[in-house]
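Working through the structure, step by step
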4 protein chains.
Amino acid sequence: MQDAQFHCDMEVRDYECDLQGIVNNARYQHYLEHARHLFLRAHGFDFAELTARGIYLIVTRIEIDYKHPLRAGERFRVHLRLERLTRIRFVFHQEIARLDDGQLIVRARVVTAAMNPQGRPVYPEELERLLAPAVSP
Amino acid sequence: MQDAQFHCDMEVRDYECDLQGIVNNARYQHYLEHARHLFLRAHGFDFAELTARGIYLIVTRIEIDYKHPLRAGERFRVHLRLERLTRIRFVFHQEIARLDDGQLIVRARVVTAAMNPQGRPVYPEELERLLAPAVSP
Amino acid sequence: MQDAQFHCDMEVRDYECDLQGIVNNARYQHYLEHARHLFLRAHGFDFAELTARGIYLIVTRIEIDYKHPLRAGERFRVHLRLERLTRIRFVFHQEIARLDDGQLIVRARVVTAAMNPQGRPVYPEELERLLAPAVSP
Amino acid sequence: MQDAQFHCDMEVRDYECDLQGIVNNARYQHYLEHARHLFLRAHGFDFAELTARGIYLIVTRIEIDYKHPLRAGERFRVHLRLERLTRIRFVFHQEIARLDDGQLIVRARVVTAAMNPQGRPVYPEELERLLAPAVSP
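From a predicted model like this one, the values you see are computed outputs, not experimental measurements.

**Description of the overall build of chain A**
- Check the secondary structure of chain A and you find 3 helices and 5 strands.
- For chain A, the N- to C-terminal ordering of α and β elements is β-α-α-β-β-β-β-α.
- Rg of the C-alpha trace for chain A: 16 Å, near the compact-globule value of 14 Å for 137 residues, within the 12% margin.
- Principal-axis analysis of the C-alpha atoms gives chain A an extent of 45 × 30 × 25 Å.

Dropping the structure here:
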């Protein structure tokens, strides 16, 4: 991913593999989520404090293309780029690539919104700050 | 889901909920997968035997729209409809709805293909039989 | 388990199996926990309400003997018996048996206590009521 | 753990936490297993090759004392010491401690054996070599 804003490295743990000896499809969502949370934390997001203020970051849609499976013990990098979609929706473009040889494993598009407990969109300052550079053309 | 071919019922287990008291996004993939496997088994698919013959059913793409979260203890129904996309790709249309009030929770589109260990498409007889009524007219 | 007070039935889901085609060891803790929660709910425990009152049920020790592995698709029964250990500790005796043939899968002993947020023991009325018959010799 | 033979460091991921904001009890088994597998791999164990030779490492009993919960984002160290119990059984003594302040989180005893597919004990050379120093004197 050429224009990634963030990446983190992980390793497949044996218990994450299924009957066929490969990482179960749902696991990749965990890897992708973990990378997003690390990115947001690195940009000053404090989830506990946001929740206390009644702000929830919600995934509204996810699209994942599975290109190649990961196997036990393989190391991989999760890349991430944030883009504003509309005033209230933003999208994380993410890719997982094997570290060894750069083999693309998964490409994903994760649409997210910030909501209050009543399900109405909210505009937390931290998010506006984070998205500002991401929208400039 | 009006034209569902199959459904099964499940219940949210407490350990499936996350920090916010709702089912973690990745869990829905488990629910959706479990329903597909029950459906295929009900149609005579024997995964162990297929694997022994060198046939793998692979998810190549998944799209999930998250409409409403499930909470601990809630019961839900997973609906499923199978459609042929191309000669080698087929898609499971799936919905999860809360049993209590029918609230739509998740809508998904799961693109799948049958592959041999070399990653080439294969056409297992069981699958052709299953897809035959799904494509007409 | 001859003197079980409660049981519930479940089925192994494919995604719960690991590389060796058997249920991963940690999964049995989920099955055991789910059975305990169903038992407690059946006896009027409302976890959300307990938490709101500042009461946490905490597992302080677990012992599990693994007798035989479960495989994909197998149905099983989780048995449970509650016993008071001391004034503040109680133990769940649990067994998992395959439904088909009664094969013992797992035997467990789960020591539990009720605590307040400061980690001090508390004595919720619901628990005293539940344990009363369990201690009578 | 003063006499640990091996340790590895990990970090709690948000999706590993439950309703109460703490790591779910069953997750610690995953952490403990991952550390054992890293240790065995570091000592030349190749699980795929062992399985191909018909050798399975089986956990027969686990005991876990839960001392203190881990929370989202906390880093921890898993310590490990291997001891021979009998000719065919060996035990992993394990501890999880928070990295920040050394707070003991979990203490575990994991009894293991090597079996062939018929459930008979086997004595793989790699294991004898690994256990040799662990039994003397």
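**Some points on the interface of chain A and chain B**
- With 16 residues of chain A at the interface, the matching set in chain B holds 16 residues.
- Here chain A meets chain B over a buried area of about 1700 Å², counting both sides, of which 38% is carbon and sulfur.
- On the chain A side of the interface with chain B, the three residues burying the most area are Gln29, Arg61 and Tyr66 of chain A, jointly 27% of the side's total.
- Taken together, the links from chain A to chain B amount to 4 salt bridges.
- We note a salt bridge from Arg61 of chain A to Glu63 of chain B, for which the minimum N-O separation is 3.2 Å.
- Applying the counting rule to chain A against chain B returns 12 residue pairs in polar contact (both at pLDDT 80 or more).

**Considerations on helix H1 (residues 25-42) of chain D**
Residue and element names in this part refer to chain D.
- In this model, H1 (18 residues) spans 27 Å end to end at C-alpha, consistent with the 26 Å of a helix rising 1.5 Å per residue.
- Among the 18 residues of H1, 14 are classified as buried, and the element is accordingly described as predominantly covered.
- Of the residues flanking the start of H1, the one acting as N-cap is Asn24, its side-chain oxygen 3.0 Å from the backbone nitrogen of Ala26.
- A positive phi of about 85 degrees marks Gly44, the residue just after H1.

**Considering the relation of the copies chain D and chain C**
- Of the transformation superimposing chain D on chain C, the axial component is 0.0 Å and the angular component is 180 degrees, with the fit at an RMSD of 0.0 Å. Interpreted geometrically, this transformation is the action of a two-fold axis. Judged by C-alpha distance, Glu63 of chain D is the residue of chain D that lies nearest the rotation axis, at 2.2 Å.

**Some words on the pattern of salt bridges**
- For the structure on display, the rule yields 60 salt bridges over all chains.
- A salt bridge links Arg81 of chain A to Asp3 of chain A; its shortest N-O distance comes to 3.1 Å. One end of the pair, Arg81 of chain A, is in strand S3 (residues 75-84); the other, Asp3 of chain A, is in the segment before strand S1 (6-11), with 78 residues separating them in the sequence.
- What makes Arg81 of chain A partly exposed here is its relative accessible area of 23%.
- Residue Asp3 of chain A is classed as partly exposed on the basis of its relative accessible area, which comes to 43%.
- The partner of Arg61 of chain D in a salt bridge is Asp65 of chain C, and the shortest N-O contact between them spans 2.9 Å. A residue pair is termed interchain when its members come from two chains, as with Arg61 of chain D in strand S2 (residues 56-66) and Asp65 of chain C in strand S2 (residues 56-66).
- Here the residues in one salt-bridge network are Arg61, Glu63, Asp65 and Arg109 of chain A together with Arg61, Glu63, Asp65 and Arg109 of chain B, joined through shared partners.

**Remarks on the interface of chain D and chain C**
- If you look at the interface, chain D gives 16 residues, while chain C gives 16 residues.
- With both sides pooled, the region where chain D packs onto chain C buries about 1700 Å², and carbon together with sulfur makes up 38% of that total.
- The largest share of the area that chain D buries against chain C comes from Gln29, Arg61 and Tyr66 of chain D, three residues that together contribute 27% of it.
- Our count for the chain D to chain C interface comes out at 4 salt bridges.
- Of all the secondary-structure elements, those providing two or more residues to the side of chain D that touches chain C are H1 and S2 of chain D.

**Quick look at the confidence of the model for chain A**
Residue and element names in this part refer to chain A.
- Residues of chain A with pLDDT of at least 70 account for 96%, and the chain-wide mean is 90.
- Per-element confidence in chain A ranges from a low mean pLDDT of 75 for helix H3 (residues 125-135) to a high of 97 for strand S4 (residues 89-98).
- Confidence estimates for the predicted assembly give a pTM of 0.91 and an ipTM of 0.92.

**Some points on the relation of the copies chain A and chain B**
- Once chain A has been moved 0.0 Å along the axis and rotated by 180 degrees, it coincides with chain B to within an RMSD of 0.0 Å.
- Taken together, the interface assignments show that 100% of the residues at the interface of chain A recur at the interface of chain B, consistent with an identical surface on both copies.

**Brief notes about the packing of aromatic side chains**
Residues and elements named next belong to chain B.
- By the definition in use, this model includes 24 aromatic pairs over all chains.
- For the ring pair Tyr31 and Phe76, a centre distance of 4.6 Å and an interplane angle of 40 degrees mean the geometry is tilted. On the criterion of sequence distance, the pair formed by Tyr31 in helix H1 (residues 25-42) and Phe76 in strand S3 (residues 75-84) is long-range, its members being 45 residues apart.
- Note on Tyr31: relative accessible area 1%, which makes it buried.
- Since its relative accessible area comes to 0%, Phe76 is described here as buried.
- An angle of 85 degrees between the planes, with centres 6.3 Å apart, marks the rings of Phe39 and Phe92 as edge-to-face. Highlighted residues: Phe39 in helix H1 and Phe92 in strand S4 (residues 89-98), separated in sequence by 53 residues. Judged on exposure class, the residue Phe39 and its partner Phe92 are both buried.

What counts, and at which threshold
Residues numbered from 1 in each chain as written. Chains lettered and ligands numbered in written order. Predicted model: local features only at pLDDT ≥ 70, side-chain atom pairs only at ≥ 80, totals over all residues. Heavy atoms only, no water. Helix = DSSP H or I, 4+ residues; strand = E, 2+ residues; numbered from the N terminus. Rg over C-alpha atoms; globule rule 2.2 N^0.38 Å. Contact = heavy atoms within 4.5 Å. Buried area = accessible area lost by both parts, 1.4 Å probe. Salt bridge = Lys/Arg side-chain N within 4 Å of Asp/Glu carboxyl O. Polar contact = N/O pair within 3.5 Å; in protein donor to acceptor, adjacent residues only side chain to side chain. Expected span 1.5 Å × (residues − 1). Buried < 20%, exposed > 50% of the residue type's maximum accessible area, 1.4 Å probe, protein only. Least-squares fit on C-alpha atoms with pLDDT ≥ 70 in both. pLDDT = per-residue confidence, 0-100. Phe/Tyr/Trp six-rings, centres within 6.5 Å; stacked < 30°, edge-to-face > 60°.

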